[in-house]
Every structure is written in C-alpha cells, then in structure tokens.
Amino acid sequence: MNTKDYPQGLLFSAEMQQRVRDRFCNVDSDSFGKRIFFENSGGSLRLKSCIQAVADVDSHPDCPGRHQAQADVLDAIVKKGYDDLRIIFNARSGAIVTCLSASQVMFNIIGAIANNVEGKNMVVSVLEHPSGFDSVEYYAKQTGRELRVLNSNRNTGCIDVQEVIHNVDKDTVLLSCMYSSNTTGGVNDIPKMVQAARAIKPDIYIIVDAVQHAPHGLIDLTKLDIDVMDIAPYKFFACRGAGVGWVSDRCAKLPHNRILCYGEDTWELGSTAPHQFAGYSAIVDHVCWIGSQYITSNDRRTLFEEGIHRIKLQERGLLHRALEGTGTLPGLRSIPGVKVICDNPELAQRDFILPIIFANLDVTVATKEYIKRGIYVFERKSPSHYSKRIVESLGLDGVIRVSPIHCNSPEEIDAFLKATIEIAQL
Ligand SMILES: Cc1ncc(COP(=O)(O)O)c(C=O)c1O
C-alpha cells in the first residue's frame, strides 16, 4: 500500500481500534486513575506482551552459552531479537550495537567516527536531541574540528536539504540529522539529504537518529546509503533500559571498545540481557500482527511493513482530526487563542508529535491544566538543555508537545480538543 494515497489518514475500524488497545498496558488508566496518555514521545505506552515476555525471560537465572537446555532457549531468544532488530531496520549488512540508552549508542559511535575518520568539520542539525547534538559537539571539540549546524525551517519543523548543501563540503567528517523531530514531528527528507551530501563528499559518514520516527514510520536501510541509525525500544512500545544502533560494515570496522576475542566488527560488550531481546521481538510481533489483519504473508518484513503503514495511517487520521476537528468540534487550527507550531499542511511529512502554544498561557501552566483534566502532555521549554536550542531555532521559548500513538483513539482526540477549548478560555 502507498500511504501517500491517504493524505488525511485512515483510521482503524472501531473493532480493530479496540483490539489494538487491548494489547497495551494502562491504556485508559493507571494506578492513579483514569487518564489519556499523549506523552508517547517521552516513553510510549507499553505492550502487555512485551512486559510479560520480559518478566518471563528474566525470571530465569541461566546464562546463555551454558550446557543446560535453558541456555539454548535464551540463546534462541537473543538470536531472534537480533533478527527482529534487523527486520525493524531492514538491515541486510552491518552490525547491531546495544547499550543502556540511545544516547550511549550515539556517543560511542560518533566517538569512533570522529577519532578515526579524516576531515576538518562535523555537521549536525539544530533540531537534534542532545544525544545527537552533544555527541557531535563534544567530539568536534576533542578532535579539533569545526562544528557546523543545520538550521531548521520554521514552517515545516524540518531541516531543508538546502542546509545540507550549504554546510557539507569535501572536508566534512560526518553529517548527523534525525529522521523526525521529537519537538516538531517534522519528518526530514533523509533520502534527498543523503543524495545531496554524497554528491559533495561521496564517503561522508551519515548518521540518522530514528528514535522518534521508528514507532510512526517505516525505516528501510536497503534504500538509505547511511552509516549509523539508532532507535529506543521504550519509545516503541517496549521497555526502558536499552538503546539500539545499527552501523554499516565500514563503520563497524572502525576501532572501538571491544572484547578482543570477537570479530573487529563486533560492538557488543559484556553479558547480553535476553529479556531485552524478548522485548524487541514483542515489538515486531505486534507490528506484524497489525499487518496480518490486512494482508496475508509468510514474510515477517512484509507483514511488518504493512503494520507500520497501518500505524502511520491511523496516526495521520488522528492528527487530521486534532487539526481539523469533527464538524461538531473545532480542531486546533480554529480554536481561538491556540496556535499549532510548524503546521505543515502536508501531513505525510509529519509524525504525530505536535507542538502547540496558547496566546495567553505559559506552556508549563497549560501543560498542568491538561494534566488536571486527565490528559498527559509535556512541555519542551527553554532553558532546559533538552529543549532550548531546538525551540529557540523555531523562534520560541517553549511548546506543549502532544504525542499520541496508534492505540490512542478518535474519542481521546475529541476529549483533548474539548480540554483545549476550556484551557484557551482561562
Ligand atoms: C530524537 C531522540 N533521540 C535520542 C533520544 C535519547 O534517548 P535515550 O534517552 O534512550 O538516550 C531521545 C529521547 O528522548 C530522542 O527523542
């Protein structure tokens, strides 16, 4: 299917919506009571199957690689987890790198590139999370390179390809640009950026942070000539305590910390955590389950692609409803006193990570008003190091970030709109 054929998205049927919701923990409420969770960019609602698998697997004390049968089971879980990570990336080559967080993944890999690749400057986008920005800034300083920063487009919340063309040159060591922004939801045109950067410097190292995009849109490394990508399972319906990276063959071979008995392209250090790998497989099982409700295939990646397309269309449908309303309820674009930031009319270039502001309310005050009404959102606000550079590049000092996922429902969007109307009148 081509998701571009549905510019306003395509919501799940009511029955499918309910079946999807049933697969998530704490979807309507938690131990504090009823609430609507629109804070999935901070850490997503969790799959029941993931929590169950993680607990089951981690209840076994056995080490993988021992003689007892339990060890074989754990080995198989880890192997399947690695295979499933490759399904997410569609990675046919390269190596997988796992750490405790996506930031650790990023710092380790950027360090290896900066320390071993020649060149005079390093290029990073202004919209990066500190994991992507600070790692480049830190290693540029350490290795005496000029730091160049790609500016954001305030209309789209993206980085224009033109910025890449202006900043990359024959002396650029690396270019780091995220797939979609954790603040604006803008999806960058990574294929065009890669093409533009490689036209200037064919062997430039290209790094793409896909932490926010992965739960909302398809990743296909067979179509992207890049060197590094990372994701965060806890933003992708699974558990905290892990970050996952992929590195190209040439990047994998760069000198890096490693246990010396393994191949020079092995990045994994120390004991594996089989339960985490069971969690990665639970993500892929879930997305494939969605795919299998629409198509029949024996190929896991084919089902995964269909599942992600359906997720994308459901979320686009929710985004369209939030922006345009329902006929009886006004959408955000027409509620007086509310402004949607980076409101690109082309919804196909957006993930549902929505920045808004109120004319008369500070973003923290407004966020707390949402929480009082049982709707959990979060503010991205200066001077927080995690937000300042990004919101200031948009000409703002803060935004309220609204970030549902596919298990959220049209009814929850309507409740959010009603709360927004109330808050705008305070
Ligand atoms: C786009 C993006 N990249 C990287 C990260 C860092 O993830 P972690 O907290 O696992 O280091 C985040 C976390 O919010 C993020 O939104």
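In this text, all values refer to a predicted model and were calculated from it rather than measured experimentally. Numbering of residues begins from 1 in every chain and follows the order in which that chain's sequence is written. The predicted origin of the model limits local features to residues at a pLDDT of at least 70 and limits the giving and counting of side-chain atom pairs to 80 or more, whereas totals for whole chains, interfaces and linings rest on all residues.

Asker: Explain the overall build of the chain to me, and be specific about the residues and the numbers.
Answerer: The helix and strand labels rest on DSSP assignments: H or I over at least four residues marks a helix, E over at least two residues marks a strand, and numbering proceeds from the N terminus. For the chain, the count of helices and strands is 13 helices and 15 strands. For the radius of gyration, the atoms used are the C-alpha atoms, and the globule rule reads 2.2 Å times the number of residues raised to 0.38. Relative to the globule expectation of 22 Å for 426 residues, the C-alpha radius of gyration of the chain, 21 Å, shows essentially globular dimensions. When its C-alpha atoms are laid out on the principal axes, the chain stretches across 65 × 55 × 40 Å. Restricting the contact set of the chain to residue pairs at least 6 apart, pairs at least 24 apart contribute 70%. Once C-beta atoms are placed from the backbone, any two residues with those atoms within 7 Å are in contact.

Asker: Please provide a residue-by-residue account of the site of the ligand, values included.
Answerer: Throughout this description, a residue near a molecule or strand is one whose C-beta atom, derived from the backbone, lies within 6 Å of it. Near the ligand, the surroundings consist of Ser-101, Ala-102, Ser-103, His-129, Ser-131, Met-178, Asn-182, Asp-209, Val-211, Gln-212, Ala-232 and Gly-243. Note on residue categories: nonpolar means Ala, Val, Leu, Ile, Met, Phe, Trp, Tyr, Cys or Pro, charged means Asp, Glu, Lys or Arg, and polar means any other residue, Gly included. Here the residues of the shell around the ligand are counted per class, giving four nonpolar, seven polar and one charged.

Asker: Now, about the pairing of strand E15 (residues 398-402): what can you tell me, with residues and values included?
Answerer: Burial analysis of E15 places five of its five residues in the buried class, which makes it a mostly covered element. On E15, burial covers both faces: Gly-398, Ile-400 and Val-402 on one face and Val-399 and Arg-401 on the other are all buried. For strand E12 (residues 354-358) and E15, the ladder comprises three bridges, and the chain directions are antiparallel. Bridge pairing in E15 places Pro-355 opposite Arg-401. Criterion used throughout: strands pair if DSSP finds at least two bridges between them. Relative to E15, strand E14 (residues 378-381) is paired through four bridges, and the arrangement is antiparallel. To sort residues by burial, count the other C-beta atoms lying within 10 Å of each one's C-beta; a count of 20 or more means buried, 12 or fewer means exposed, and anything in between means partly exposed. C-beta atoms are built from the backbone.

Asker: An account of helix H10 (residues 300-324) is requested, with residue identities and associated values reported.
Answerer: By this rule the span expected of a helix is its residue count minus one, scaled by 1.5 Å. Helix length check: H10 (25 residues) gives 36 Å between terminal C-alpha atoms against 36 Å at 1.5 Å per residue, within 8%. Across the 25 residues that make up H10, a large majority, 20, are buried.

Asker: Let's hear about the packing of helix H9 (residues 274-292) against H10: which residues, and what values?
Answerer: Only the stretch in contact is used when a helix axis is fitted, and all axes are lines through C-alpha atoms; the angle between N-to-C directions ranges over 0 to 180 degrees. For the pair H9 and H10, the least separation of the axes is 7 Å and the interaxial angle reads 80°. The angle between the axes of H9 and H10 places the two elements in the roughly perpendicular class. Contacts between H9 and H10 pair Val-284, Val-287, Cys-288, Ile-290, Gly-291 and Ser-292 from the former with Arg-300, Leu-303, Phe-304, Glu-306, Gly-307, Ile-308, Arg-310 and Ile-311 from the latter. Residues of the contact of H9 with H10, tallied by class, amount to eight nonpolar, three polar and three charged. Just so you know how the angles are binned, under 35 degrees is roughly parallel, over 145 roughly antiparallel, 65 to 115 roughly perpendicular, and the rest oblique.

Asker: Go over the sheet that holds strand E11 (residues 338-340) with me, naming the residues and quoting the values.
Answerer: Across the sheet, four strands lie side by side as E11-E12-E15-E14; this open sheet has antiparallel pairing. Sheet topology places E11 and E14 at the edges, where each strand pairs with a single neighbour. Strand-to-strand, the axes of this sheet are offset by a mean angle of 35°, without reference to chain direction. The strands touched by helix H11 (residues 363-372) are E12, E14 and E15; relative to E14, the strand with the most contacts, the crossing angle is about 170°.

Asker: So what's going on with the domain arrangement of the chain? Which residues, and what values?
Answerer: Once the domains are mapped, the chain shows domain 1 (3-45 + 312-424) and domain 2 (53-282). What counts as a domain boundary in this text is fixed by an automatic or database domain assignment. Inter-centroid distance (C-alpha atoms) of domain 1 to domain 2 is 27 Å. With 28 residues of domain 1 in contact, the opposing surface of domain 2 contributes 29 residues. Those elements that provide at least two residues to the side of domain 1 that touches domain 2 are H10, E12, helix H12 (388-393) and E15. If one sorts the elements of the side of domain 1 that touches domain 2 by residue count, H12 sits on top with four residues.

Asker: Could you give me a rundown of the sheet that holds strand E5 (residues 121-125), with the residues and numbers involved?
Answerer: Taken together, seven strands build an open sheet; the order of strands is E4-E10-E9-E8-E7-E5-E6 and the sheet is mixed. On the outer flanks of this sheet lie strand E4 (95-99) and strand E6 (146-150), each paired with one strand and no other. On average, adjacent strands in this sheet sit at an angle of 20° to one another, irrespective of strand direction. Of the pairings in the sheet, the one linking E5 to strand E7 (residues 172-176) comprises four bridges and is parallel in character. Looking at the pairing, Val-124 lines up with Ser-176 of E7. On the sheet, helix H4 (residues 102-116) packs against E4, E5, E7, strand E8 (205-209), strand E9 (228-231) and strand E10 (243-247) and is oriented at approximately 30° with respect to E10.

Asker: Give me the nonpolar core: which residues, what numbers.
Answerer: Note that soluble globular proteins tend to have their nonpolar side chains buried in a common cluster. Residues of type Ala, Val, Leu, Ile, Met, Phe, Trp, Tyr and Cys that are buried and joined through C-beta atoms within 7 Å form what is called a nonpolar core. Ranked by size, the top nonpolar core spans 128 residues in total, and within it Ile-109, Ile-113, Val-208 and Ala-238 carry the most contacts. In terms of residue count, the dominant contributor to this core is H9 (nine residues). Looking at this core, you find at least three residues from each of domain 1 (3-45 + 312-424) and domain 2 (53-282).

Asker: Provide a residue-level description of H11, including the pertinent values.
Answerer: Within an α-helix, residues lying three or four positions from one another point in the same direction, as the helix has 3.6 residues per turn. Taken as a whole, H11 has its buried residues at Val-363, Ala-366, Thr-367, Glu-369 and Tyr-370. Buried residues along H11 cover an arc of 160° about the axis, so they all sit on one side. Looking at the buried positions of H11, the neighbouring elements they touch are E12, strand E13 (375-376), E14, E15 and helix H13 (410-424). Directly beyond the C-terminal end of H11, a positive phi value near 75° is found at Gly-374. Our arc is simply the arc of the directions from the helix axis toward the C-beta atoms.

Asker: Explain the packing of helix H2 (residues 48-58) against H9 to me, using residue names and the numbers behind them.
Answerer: Remark: H2 packs on H9, axes separated minimally by 8 Å, with the N-to-C direction vectors making an angle of 155°. When the interaxial angle is binned, H2 and H9 end up roughly antiparallel. The hand of the H2/H9 crossing is right-handed. Between H2 and H9, the contacting residues are Ser-49, Cys-50, Ala-53, Val-54, Val-57 and Asp-58 on the first element and Pro-274, His-275, Ala-278, Gly-279, Ala-282, Ile-283, Asp-285 and His-286 on the second. Residue composition of the contact of H2 with H9, grouped by class: eight nonpolar, four polar and two charged. The sense of a crossing depends on the near helix, which, turned anticlockwise from the far helix by less than a right angle, makes the crossing left-handed and, turned clockwise, makes it right-handed.

Asker: Give me the lowdown on the environment of Pro-191, citing residues and values where you can.
Answerer: With respect to the helices, strands and loops of the structure, Pro-191 is situated in helix H7 (residues 190-200). Looking at Pro-191, the number of C-beta atoms within 10 Å reads 14, which means it is partly exposed. Separated by 32 residues in the primary sequence, Pro-191 and Lys-223 have C-alpha atoms spaced 7.9 Å apart. Pro-191 has contacts with Lys-223 and Leu-224, leaving out every residue within four places of it along the chain.

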